[in-house]
Amino acid sequence: MYLSVALKRVYQNGKTSDIIDYYIVNVLTKQWIGLPPTPLENNSEDESVGFLIEPNCVDNAARHEYLVLRFMPWGDSKFSIQMFSSEKGKWTRLVVTSPRNLNILTRRTSIVACGRILYTFTYKRSDVVDCVLAFDPFTNDPAQFLCVVDFPVEARDIRCLACKLGVCGGRLRFAQLVLQPSGYLCISIWELGDDHRMGIWTLVHQRIPTDKAFRVPKRATQWVSVLGFHPNNEDLICFLVGNDHVVVYNIQTDKVESSTLVYQFKVISPRSLEPDVELHHVVPITHSWWPTPVRQTLWTRSLD
């Protein structure tokens, strides 16, 4: 299942306004479910989006409910959160205060779904991470909605080339790439324990790759970044090398499994079209299986 996001820029009476549409997409059955229009907020351009699917059995019938959450930072310590629930069929809103200051880069980190929790991480500065923020949208206690998870001591206050949160085998993982004097990277993979509130991390992999694809040229920035973890094979990690090579690397055997050249492109529709769609992208949030067909609902715009 995928969450598709379409940003439409509409021109009316000489003014420009942005409207964001969300769709739940099943790429196998080609089904699209449109969500109701999102409530407008002044800082929506800084938002991050999370997507969760939750099994729910009612009257011995298996059902899957889904949540879409929009996170919009307010200043240095607050999130405005808009949440859509398929059970309620409408958007609701709450404001959450973070016990840690939010670096501006927090707005650029992705939201990762693992189990019933949504995770993101914050920076102290552009190359040093601070902590993980864990959001529990299913709790009825506002005080339990947000939890801070510290990184392991060995991963703190270290200048890193790139960092990434992801999921493998149903567990949250954190990848940290640290540049060595040799020009190669040290790749450290940490895994979070089952109880995220305990904040117990285990170092599952650490290696300096020998393949020349991972050698960072002098004066290069962001030459290598982590795209994601294999959903089931804990040894496979997908990297973006440069701007156009996707490398699948086996950290256990220190072998590059594949290297693929990709091409990036952007489609911009003419401004004469109504509405003008300037950006449309599909974000893979979860690998969960979801049965179809899906019950269609007549949505109405609402904000509590």
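This one's a predicted model, so the numbers in the text were calculated from it and none came from an experiment.

Each helix and strand in the chain was counted, giving zero helices and 20 strands. Taking all 304 residues of the chain together, the buried fraction comes to 46%. When contacts within the chain are restricted to residue pairs at least 6 apart in sequence, those whose partners lie at least 24 apart make up 46%. Total accessible area computed for the chain in this model is approximately 16,700 Å², and 51% of it derives from carbon and sulfur atoms.

Turning our eyes to something else, we now look at the sheet that holds strand E11 (residues 146-150). Picture the strands of a sheet paired through backbone hydrogen bonds; they go either parallel or antiparallel. Spatially, E8-E9-E10-E11 is the arrangement adopted by the four strands of the open sheet, whose pairing is antiparallel. Of all strands in the sheet, those with a lone pairing partner are strand E8 (112-114) and E11, marking the two edges. Along the sheet, successive strands turn relative to each other by an average axial angle of 35°, direction set aside. Where strand E9 (residues 117-125) lies against strand E10 (residues 128-135), seven bridges are found, and the strand directions are antiparallel.

So, about the nonpolar core. For soluble globular proteins, nonpolar side chains are generally found buried alongside one another. Residues Tyr119, Phe174 and Trp201 are the most contacted members of the largest nonpolar core, which totals 22 residues. Only E8, E9, E10, E11, strand E12 (162-168), strand E13 (171-179) and strand E14 (185-192) provide two or more residues apiece to this core. Take this core: its biggest share by element is four residues, from E9. Beyond its immediate stretch of four places on either side in the chain, Tyr119 contacts Ser110, Ile111, Val112, Cys114, Val132, Leu133, Ala134, Leu165, Leu172, Leu192 and His196. By size, the runner-up hydrophobic cluster in this structure holds 19 residues, among which are Leu177, Ile189, Val224 and Val247.

Here the focus is the pattern of salt bridges. If you walk through the whole model with that rule in mind, you get nine salt bridges. A salt bridge links Arg159 to Asp127, with the nearest nitrogen and oxygen atoms 2.7 Å apart. Residue Arg159 is located in the loop between E11 and E12, and its partner Asp127 is located in the loop between E9 and E10; the two are separated by 32 residues in the primary sequence. According to the relative accessible area criterion, Asp127 is buried, its value standing at 14%. Across the salt bridge formed by Arg171 and Asp194, the nearest N and O atoms sit 3.0 Å from each other. One end of the pair, Arg171, is in strand E13; the other, Asp194, is in the loop between E14 and strand E15 (201-207), with 23 residues separating them in the sequence. For Arg171, a relative accessible area of 32% puts it in the partly exposed group.

Any aromatic ring pair is given by two values, namely how distant the centres are and how the planes are angled relative to each other. Tallying each qualifying case throughout the model produces 17 aromatic pairs. Between Phe84 and Trp91, the ring centres sit 5.6 Å apart and the planes meet at 55°, which makes this aromatic pair tilted. Using a relative accessible area of 0% as the deciding quantity, one classes Phe84 as buried. What makes Trp91 buried here is its relative accessible area of 0%. When the centroid spacing of 6.2 Å and the interplanar angle of 65° are considered together, the rings of Phe239 and Tyr249 count as edge-to-face. Separated by ten residues along the polypeptide, Phe239 in strand E17 (residues 236-241) and Tyr249 in strand E18 (residues 245-250) bring together distant segments of the chain. For the pair Phe239 and Tyr249, a shared accessibility class is recorded, and that class is buried. Following the ring pairs from residue to residue traces out a cluster consisting of Tyr22, Phe51, Tyr66, Phe84 and Trp91. The side chain of Arg116 reaches across the aromatic face of Phe138, ending 4.1 Å from its centre.

Turning next to the confidence of the model for the chain. Summary statistics for the chain give a mean pLDDT of 76 and a share of 71% for residues scoring 70 or more. Put simply, strand E20 (residues 276-283) is where the chain has its lowest mean pLDDT, 39, and E15 is where it has its highest, 96. Across residues 264-304, confidence stays below pLDDT 50; counting only partners more than four residues off in sequence or on other chains, it has 85 contacts.

Here we come to the pairing of E10. When a strand is regular, its side chains alternate between the sheet's two faces. Extensive coverage of E10 is indicated by the burial of eight of its eight residues. Connecting E9 to the next strand, E10, in antiparallel fashion are two residues. Bridge analysis of E10 against E11 gives five bridges, and the strand direction is antiparallel. The residue bridging Ala134 from the neighbouring strand is Cys147, located in E11.

So, how was this worked out
Residues numbered from 1 in each chain as written. Predicted model: local features only at pLDDT ≥ 70, side-chain atom pairs only at ≥ 80, totals over all residues. Heavy atoms only, no water. Helix = DSSP H or I, 4+ residues; strand = E, 2+ residues; numbered from the N terminus. Buried < 20%, exposed > 50% of the residue type's maximum accessible area, 1.4 Å probe, protein only. Contact = heavy atoms within 4.5 Å. Areas by Shrake-Rupley, 256 points an atom, 1.4 Å probe, with all protein chains shown as cover. Pairing = 2+ DSSP bridges. Axes fitted to C-alpha atoms, helices over the stretch in contact; angles between N-to-C directions. Core = buried A, V, L, I, M, F, W, Y, C linked by side-chain atoms within 4.5 Å. Salt bridge = Lys/Arg side-chain N within 4 Å of Asp/Glu carboxyl O. Phe/Tyr/Trp six-rings, centres within 6.5 Å; stacked < 30°, edge-to-face > 60°. Lys NZ or Arg CZ within 6 Å of the ring centre and 35° of its normal. pLDDT = per-residue confidence, 0-100.

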